[in-house]
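Structure at a glance
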Amino acid sequence: MKREELAFYGGLKTVDKEFPWPVFDQAEVDAVARAVQSGAWANPNCDGMVAEFEQEFAGYCGTKHAITCANGSVALRLALLACGVKPGDEVIIPPYTFIATASVVAEANCVPVFADIDPDTYNIDPVAVEKVLTPRTKAIIPVHFAGQACNMDALMQIAARHNLKVIEDAAHAHGGEYKGIKLGSIGDAGCFSFQSSKNLTSGEGGIVTTNDEKLAAMVDSLRNVGRVKGGQWYEHHYLGCNYRITQLQIVLLSQQLKRLEEQTRRRNENGLYLNSLLEKIPGITPLTRGHGETLHTYHIYIFRYDKSFFNRLPKREFAALLAAEGVPSFMGYPEPLYKQPVFQKKNFMCYAIPEHVDYTKVHCPVTEKACYEEAVWILQHAMLGTKEDMEKFAGAIAKIQKAVNF
Ligand SMILES: Cc1ncc(COP(=O)(O)O)c(C=O)c1O
């Protein structure tokens, strides 16, 4: 196998098919058409179809309440505010996540405090959480990264010992389970995104799940310009905003939710199969299973790459070769969140972060290794493929290995 045989250099692609996303059929088209024809496009009172979907999603997650909103970032922001954080409170988050997990903390005038991830799962490491606890810590936002459940037993125990709120960032984890319990139902609140790449999508949108009635009522008010149930139209009790979802999104979500469980189980099965294939390739190590995640949503399938088995080819170049082979894949986050200019330069605009906080001094070695050297992502829609597709993904990696070592 020579380099010229790689698709990147003009050779034949290993995977020659598309993996469509979003998945829909006439049911979605009809549902949207009916909503358009009804003329009920807005969502002024967050009732009717919106409330019905919220009940359905809460039931699916096993929580008492679910409150929709504009997107997953807003879901996190509102859940955090509804937890009662105050300016200057510290909130612990992982640095291997999307910016929203951190930016909502700063937007609440709280201090994002980074705790490193576990090298086997890339989820926030409870030992690292303990190390950054201070008397000012008020909450933890564990991210079920890629759809793999965090070590919730350990995190909930830390939270109970230190009287902390736990907000699960479940943006990747619709339908995922920890010890048989749906994610988003374990902490004080769970936050989901319905953005276009997500496993349950309406293009944009978000939802907060919770068993806490007061928290639910506050999120409901904050998403609806501070109105309260039973109040007048121009009566505003809290500093909310218009963060409402629309009916058109809701009808799409209702249809998409019918597909979610089967899709999640298919991705989970394919992920386990791909693990068994990739374990056989020297220098490729899938993230480990068996940490309590009884159902992994594989919003992202992640494997660790070791360039010493690939003629020292940097990860970025390996990822480009893999994508050219037709595997929907990507090198993932280029750097840990705290390295972003917004944190390095403390570009927080009108939001206040105490003087002593200095993100240039933060160093999370596991996250840095994941970003710079190790993590390669295969995207969720590809995990809806067949067993043969999984074999081709593994085949593409083996092909690259042979070619670069030729
Ligand atoms: C882990 C995580 N949290 C939060 C969000 C924010 O969701 P949204 O894009 O819907 O605002 C995302 C979106 O990509 C995410 O990946």
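Residues numbered from 1 in each chain as written. Predicted model: local features only at pLDDT ≥ 70, side-chain atom pairs only at ≥ 80, totals over all residues.

Counting its regular elements, the chain contains twelve helices and 13 strands. For 406 residues, the compact-globule formula gives about 22 Å, and the C-alpha radius of gyration of the chain, at 22 Å, lands near that figure. Overall size of the chain, expressed as C-alpha extent along the three principal axes, is 75 × 55 × 40 Å. Relative to its full complement of 406 residues, the chain shows a buried share of 50%. A separation threshold of at least 6 residues defines the contact pool for the chain, and within that pool the share at least 24 residues apart is 72%. (Helix = DSSP H or I, 4+ residues; strand = E, 2+ residues; numbered from the N terminus. Rg over C-alpha atoms; globule rule 2.2 N^0.38 Å. Buried ≥ 20, exposed ≤ 12 C-beta atoms within 10 Å, placed from the backbone. Contact = placed C-beta atoms within 7 Å.)

Across a regular strand the side chains alternate sides, sitting on one face of the sheet and then on the other. Most of strand β11 (residues 300-305) is tucked away: six of the six residues are buried. Of the two faces of β11, the one carrying Ile300, Ile302 and Arg304 and the one carrying Tyr301, Phe303 and Tyr305 are both buried. In this structure, strand β10 (residues 284-286) lies alongside β11, joined through three bridges in antiparallel fashion. Along β11, the bridge assignment pairs isoleucine 284 with tyrosine 305. Summarising the sheet, β11 and strand β13 (residues 375-379) pair through five bridges and their orientation is antiparallel. What sits directly across from isoleucine 302, in β13, is tryptophan 377. (Pairing = 2+ DSSP bridges.)

Another aspect to go through is the domain arrangement of the chain. Domain assignment breaks the chain into domain 1 (3-18 + 259-404) and domain 2 (26-256). Averaged C-alpha coordinates put domain 1 and domain 2 at centres separated by 25 Å. Taken together, the contact pairs 36 residues of domain 1 with 37 residues of domain 2. Of all the elements in the fold, those that place two or more residues in the side of domain 1 that touches domain 2 are α8 (247-278), β11 and α11 (365-374). (Domains from an automatic or database assignment.)

The geometry of helix α1 (residues 26-38) relative to α8 is characterised by a closest axis approach of 9 Å and an angle of 150° between their N-to-C directions. The orientation of α1 with respect to α8, classified from their angle, is roughly antiparallel. The way α1 lies across α8 gives a crossing that is right-handed. Here Ala27, Glu28, Ala31, Val32 and Ala35 of α1 lie close against α8, whose contacting residues are Gln247, Leu248, Val251, Leu252, Ser254 and Gln255. (Axes fitted to C-alpha atoms, helices over the stretch in contact; angles between N-to-C directions. Parallel < 35°, antiparallel > 145°, perpendicular 65-115°, else oblique. Left-handed = near helix turned anticlockwise from the far one by under 90°.)

The next thing to look at is the site of the ligand. Surrounding the ligand, one finds 14 residues, the nearest of these being Gly72, Ser73, Phe98, Ala171 and Ser193. Mapped onto the shell around the ligand, the elements with two or more residues apiece are α3 (72-82) and α4 (99-107). Of the residues contributing to the shell around the ligand, the split by class is four nonpolar, nine polar and one charged. (Near = placed C-beta within 6 Å. Nonpolar A, V, L, I, M, F, W, Y, C, P; charged D, E, K, R; others polar.)

The biggest cluster of nonpolar side chains holds 118 residues, and the ones touching the most others in it are Leu78, Ala79 and Val208. Among the elements that line this core, the one with the most residues is α3, at eight residues. Taken domain by domain, the makeup of this core includes at least three residues from each of domain 1 (3-18 + 259-404) and domain 2 (26-256). Once residues within four sequence positions are removed from consideration, alanine 79 is found in contact with Ile167, Ala189, Cys191, Val208 and Val219. (Core = buried A, V, L, I, M, F, W, Y, C linked by C-beta atoms within 7 Å.)

A large share of strand β5 (residues 165-169) lies buried, amounting to five of its five residues. Alternating positions in β5 separate into two faces, Lys165, Ile167 and Asp169 on one and Val166 and Glu168 on the other, with burial throughout. Relative to β5, strand β4 (residues 137-140) runs parallel, the two being bridged by two bridges. Note on β5: the bridge partner recorded for isoleucine 140 is valine 166. The parallel pair β4 and β5 is bridged by helix α6 (residues 152-162), and the resulting crossover is right-handed. Across three bridges, β5 lies against strand β8 (residues 189-193) in parallel orientation. Each residue of the ladder has a partner; that of isoleucine 167, found in β8, is alanine 189. (Right-handed = clockwise from strand over helix to strand, strands pointing away.)

All right, on to unusual backbone geometry then. In this chain, tryptophan 21 is followed by proline 22 through a cis amide linkage whose omega measures 0°. As for its position among the elements, proline 22 is in the segment before α1. Notably, tyrosine 122 is not glycine yet its phi reads approximately 65°, a positive angle. By the secondary structure assignment, tyrosine 122 is in the loop between β3 (111-114) and α5 (126-132). Owing to 25 C-beta atoms within 10 Å, tyrosine 122 belongs among the buried residues under this scheme.

Let us look at the sheet that holds strand β1 (residues 65-69). The mixed open sheet is built from seven strands, whose spatial order is β1-β9-β8-β5-β4-β2-β3. On the outer flanks of this sheet lie β1 and β3, each paired with one strand and no other. Taking each pair of neighbouring strands and ignoring which way they run, the sheet shows an average axis angle of 25°. α3 rests against β1, β4, β5, β8 and β9 (206-210) of the sheet, and its axis sits at about 165° to β8.

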